[in-house]
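Single-letter residue listing:
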Amino acid sequence: MAHASSGPDALRQRVRETILGQDRPLYDEFAIQALAALGEDLNDAAASWLRKVARERPSSLHEIPESPASVLALASIDPELLLELSEAYYIERPDPEDSELGWAGLRGRRHLDDGIRDFQHGNKFGFGPPSAAWYYGPFFRLLNLTPLKAIAFINRMLNQAAFYRVTDETQTLTADVDWSSYPGASLHLTAKSGPRHYVGDSHVWSWYRGTTVGPYACMSALLALERFIDYLHKDAGIPLDNIVDLLLEDCHNLAIPGLLHGFLTRHLDEVGDLLDPFLADVDVWHLEIGRVTTEGAFTVRDRDADTLVGRDKRRHSPHETVGWMVVNARAAGDHGRLNQLEAVGSRLLESAQRNVDDEQAAPEPDPAEAALTREGPKQYLAMIGSWAAEFSAENYEASVVDGSVIIQFERPAELEAVLAPGNAQISATQAFMRLQVAYALKNETPEAWPVDSIAADIAEARQLMDESSSAMLDRHENPVVAVAAAGLRAHAFGLATLEQTDLEWAVDLVLTAAEEPWIDGFSRASSLFSMGSDRAAAIAVPLLLLPVFDSLSVDAARLHRALISLATSVYDEVRTAFANGTAPVWEANCEISEGTACTRHEPLWEAIQACIATVRLGPWDYETQRRQHLRLEGPFEETLLAVPSDEILVNRLRMPVVCNYAALSSLCTATRAELLAGPLWDAHLRGLDHAWRENYDHLGERHHELIARLFIQLAADGDREALDTHLSLFASNAHALHSFLHSFATVFSYDDQLRPLLADFWPPAMATVIDEIDAGASLIDDSTSWYDYAISALLPVPQIKSEDLDPDATLTSCRDSWALPDAFEGVIDRWMAIGKGEPKCAEAVAGFARTATTHWQATTGLLWLETVLDGRFSTFANRAWFVTNWLGELRASGAVTGPTIARYRRIVDGLAAAGDSASVELQQLEES
């Protein structure tokens, strides 16, 4: 409305007078937005009404500072009013009359209050966009129109947010507040700002990077401010020191010093001595080292924040900054600067000494300070002394390596001696971490365990366990057990040959891990901790039954206990790993002596029976407030059939189902396994149908991949009976059908060896489900909304796991070897007939099309899409993101030519006309 015309507008004036004449309530969003959008027709009466809202109902103003249109409209006419309304909205004043008990039992402050209103900030645009960005809110616009007042406003926001971050007190911040009584850092950053206490913690310090916890509106304000001061320096020519003083004018929070430290570091070539006050304080070192080491694990910022000048220095820790300063000053022969830097180092050590003195003098030491000095004051001061020594040029040595000059810091010998015990601890921790990354983090894919270095890694692991422990690495036995398991697996498969002592060490370690799993009050079947020692043991312990280990004379009773412990583990992950670990043993020949059971397979069979005995859920127990397990007695081929569906713990059936199938190949267990196969499949079918219909099997699909692989293997061998039985039942259970099919798509996406079976496996599965639907089965019921998910899952699309660190590589691999579209000719028309009008089916078409040739996508692929759209464009508008992305890629490829152009344009025009924003952009490309 504000942009309807450049001058006064009669319609806007009528809207204004109508609203003001109706005595609208102060929470009327339409009235607020309409008056804010009046443009040049905003008069004193309208402004006064908005100010009244700001005084009496500030929370109702969110559509002014949070709306780009309102910000543009108000900023062009009355930026000071926009600033006033923004401050009233963002800075939440505590209500002393609030009757609700809030955080820490205080009135006037609710649980998790952070002092800042940011309703839907960064989330109003839906899933995908950043939560904080320089272009969110009114900040960047205000900085350009009224910079001094805008900076002061942002500081007031940050002051309150930082205050609320570090205390549970409820008060309105005033000029006479004693900032020094709250957690933070006391810094003397410039002569103009003087000594000052800045409130906050490590989160506040890093808000400008959008990598920690805090109000997103504050992060957006800081992102806008950083971009604006870059403009002030680069384009307006404002000196760096003036910018620093400008931002510190009204600052009592740690967010602005954090931003300034990053800003000055990015401009290191011209910073002079402006960073010296930062580097002279040990608190800044702790804060900045924390930011650098944690940055990258979590971020909510927009990408533009990483395009600013000097972005390569974002990763500089104070160590690298100081080294750069010292080396460059020495190379320039600037002895005055070198003397300055040495003085900064002395001040740094002095600040550390003050921290130690304050902690020792305090009746109740600050937990944060105590954590920093937990090794003792002497060790702590030696560490800071080492940092201070980095400011001295005499502690740097140059050497030539491969024709390049390398300059390194050499710690003074006296400090090295003091720090030696701590450094040894750090070295041990680093070694544990290396083994954890190389082995424990790969427990779910033991084939990825290193082989070439296994002997050396076992030697290192044994030394670490003998000589040290790691207080810095929680559960340090996990990587060591994984190394032991990897060694046993490599020895079992002939990939490496271990010494007898190493084998005995590894066997003892994995048996101990199996017998003594980590279980606490938080342990649940669905707990995810793949690097756990019992997970690694589940892979290795069954292998001890192989002939290659017969000479070790492993204690049979202990091995039996370990197998039972793993098979009956509380954790689904352990039982899944156990099933994988037993596979090579079932393939080995039986070992039967006269009059005795098979020593190769009988221990595994007994472990399976022990697990089956735990699959029944009993009645509700009042004392524990949960349902208890009931032991299921044998013979299981009879008793399993009698267990009601709602009492079957299907997560505990997966391993027995898979292992029982493997047991069919062993002479000693084949007969018993054949008797048990039918009841196991029946129990699995009934239990899965109930659990997935009710969404009881938490994270079940992850562990169901074990069963999915078995179904694929059976189908490849010509046995589809169990698969078709499941599919037929799930044709009336949308949630189960979606999860069932999704698990197959995931397996095919990540298993290059199984992927060639996709074309033969999937079309008959689609036909089975569609036959049931045609016969009257319904995927719609009153309790679920999974119908569209289930129907779309009938078309196989590559799936990405959340833990995949390189999803692009996975998708590329899938698209290079996915099933050809021709394989679906007999069933695709039937699928499209039931998928018409479903946005998720259109998404499935787009995902599947990307696996085909570009020519197919531009011809048949577009035809499939148009069929599913069925002319119902309003149903799909803004609900088919992958479709519009695919259409954009297809257009960019140049494949849309000739007769296909008309179909492409019909689709794009139809979606655009229905209001699909992405399609509007595609439409504009066609018109350009």
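Right above here is the structure, for reference.
For the structure given in this document, a descriptive report is provided here.

Procedures and definitions
- Residues numbered from 1 in each chain as written.
- Predicted model: local features only at pLDDT ≥ 70, side-chain atom pairs only at ≥ 80, totals over all residues.
- Heavy atoms only, no water.
- Helix = DSSP H or I, 4+ residues; strand = E, 2+ residues; numbered from the N terminus.
- Buried < 20%, exposed > 50% of the residue type's maximum accessible area, 1.4 Å probe, protein only.
- Salt bridge = Lys/Arg side-chain N within 4 Å of Asp/Glu carboxyl O.
- Pairing = 2+ DSSP bridges.
- Expected span 1.5 Å × (residues − 1).
- Arc of directions from axis to C-beta.
- Contact = heavy atoms within 4.5 Å.
- Core = buried A, V, L, I, M, F, W, Y, C linked by side-chain atoms within 4.5 Å.
- Axes fitted to C-alpha atoms, helices over the stretch in contact; angles between N-to-C directions.
- Parallel < 35°, antiparallel > 145°, perpendicular 65-115°, else oblique.
- Left-handed = near helix turned anticlockwise from the far one by under 90°.
- Nonpolar A, V, L, I, M, F, W, Y, C, P; charged D, E, K, R; others polar.

### Concerning unusual backbone geometry
No. 1: In this chain, Gly 634 is followed by Pro 635 through a cis amide linkage whose omega measures 0°.
No. 2: For Pro 635, the position within the fold is in the loop between strand 6 (626-630) and helix 26 (636-642).
No. 3: Within the chain, Asp 23 stands out as a residue other than glycine whose phi angle is a positive 50°.
No. 4: Asp 23 sits in the exposed class, given a relative accessible area of 68%.
No. 5: Phi is positive for Asn 878, close to 60°, though the residue is something other than glycine.
No. 6: Inspection of the secondary structure puts Asn 878 in the loop between helix 38 (873-876) and helix 39 (881-893).

### Observations regarding the pattern of salt bridges
No. 1: Overall, the coordinates contain 46 salt bridges when judged by the stated rule.
No. 2: Ionic pairing is found between Lys 313 and Asp 312, a salt bridge with its closest N-O pair at 3.9 Å.
No. 3: We classify Asp 312 as exposed; its relative accessible area is 55%.
No. 4: Here the residues in one salt-bridge network are Arg 209, Glu 288, Arg 291, Glu 295, Arg 301 and Asp 306, joined through shared partners.

### Examining the pairing of strand 6
No. 1: Inspection of the sheet shows strand 5 (residues 616-621) paired to strand 6 by four bridges, in the antiparallel sense. Of the residues in strand 6, the one forming a bridge with Asp 621 is Arg 626.
No. 2: Hairpin remark: strand 5 followed by strand 6, antiparallel, with four residues in the connecting loop; positive phi at Gln 625, about 60°.

### Structural notes on helix 1 (residues 10-21)
No. 1: Taking 1.5 Å as the rise per residue, helix 1 with 12 residues should run 16 Å; its terminal C-alpha atoms sit 16 Å apart, in good agreement.
No. 2: Of all the positions in helix 1, only Arg 12, Arg 16 and Ile 19 are classed as buried. Buried positions in helix 1, seen along its axis, are confined to an arc of 70° and lie on one side of it. The exposed residues of helix 1 that point more than 90 degrees off its buried face are Ala 10, Leu 11, Arg 14 and Gly 21.
No. 3: Here the buried face of helix 1 lies against helix 2 (29-36) and helix 3 (44-56).
No. 4: After helix 1 finishes, the residue Asp 23 shows a positive phi value of roughly 50°.

### Some points on the nonpolar core
No. 1: Judged by nonpolar contacts, the single largest core of 165 residues is most densely connected at Val 541, Phe 744, Trp 762, Trp 831 and Leu 887.
No. 2: By residue number, the principal contributor to this core is helix 20 (residues 477-492), which donates 10 residues.
No. 3: In terms of nonpolar packing, the next biggest core, distinct from the first, is built from 112 residues, Leu 74, Leu 83, Leu 268 and Ala 305 among them.

### Examining the environment of His 121
No. 1: Locating His 121 in the fold gives a position in the loop between helix 5 (79-90) and helix 6 (139-145).
No. 2: Residue class for His 121 comes out buried when judged on its relative accessible area of 2%.
No. 3: Ignoring any residue separated from it by four or fewer positions in sequence, one finds His 121 in contact with Glu 66, Tyr 90, Ser 131, Tyr 136, Gly 137, Tyr 216, Ala 217 and Ser 220.

### Focus on the environment of Asp 760
No. 1: Among the structural elements, Asp 760 can be located in helix 32 (residues 758-774).
No. 2: On the basis of relative accessibility, which here comes to 61%, the residue Asp 760 falls in the exposed class.
No. 3: Along the chain, Asp 760 and Ala 823 lie 63 residues apart, while their C-alpha atoms are 7.7 Å from each other.

### Section: the packing of helix 9 (residues 216-234) against helix 11 (residues 255-266)
A pair of packed helices is captured by two measures, namely the crossing angle of their axes and the spacing between those axes.
No. 1: The interhelical angle for the contact between helix 9 and helix 11, taken along N-to-C directions, is 40°, at an axis separation of 11 Å. In terms of orientation, helix 9 and helix 11 fall into the oblique class. The chirality of how helix 9 crosses helix 11 is right-handed. Between helix 9, through Leu 222, Leu 225, Glu 226, Ile 229, Asp 230 and His 233, and helix 11, the contact on the second element is made entirely by Ala 255, Ile 256, Leu 259, Phe 263 and Arg 266.
No. 2: Looking at the contact of helix 9 with helix 11 residue by residue, the class counts come to seven nonpolar, one polar and three charged.

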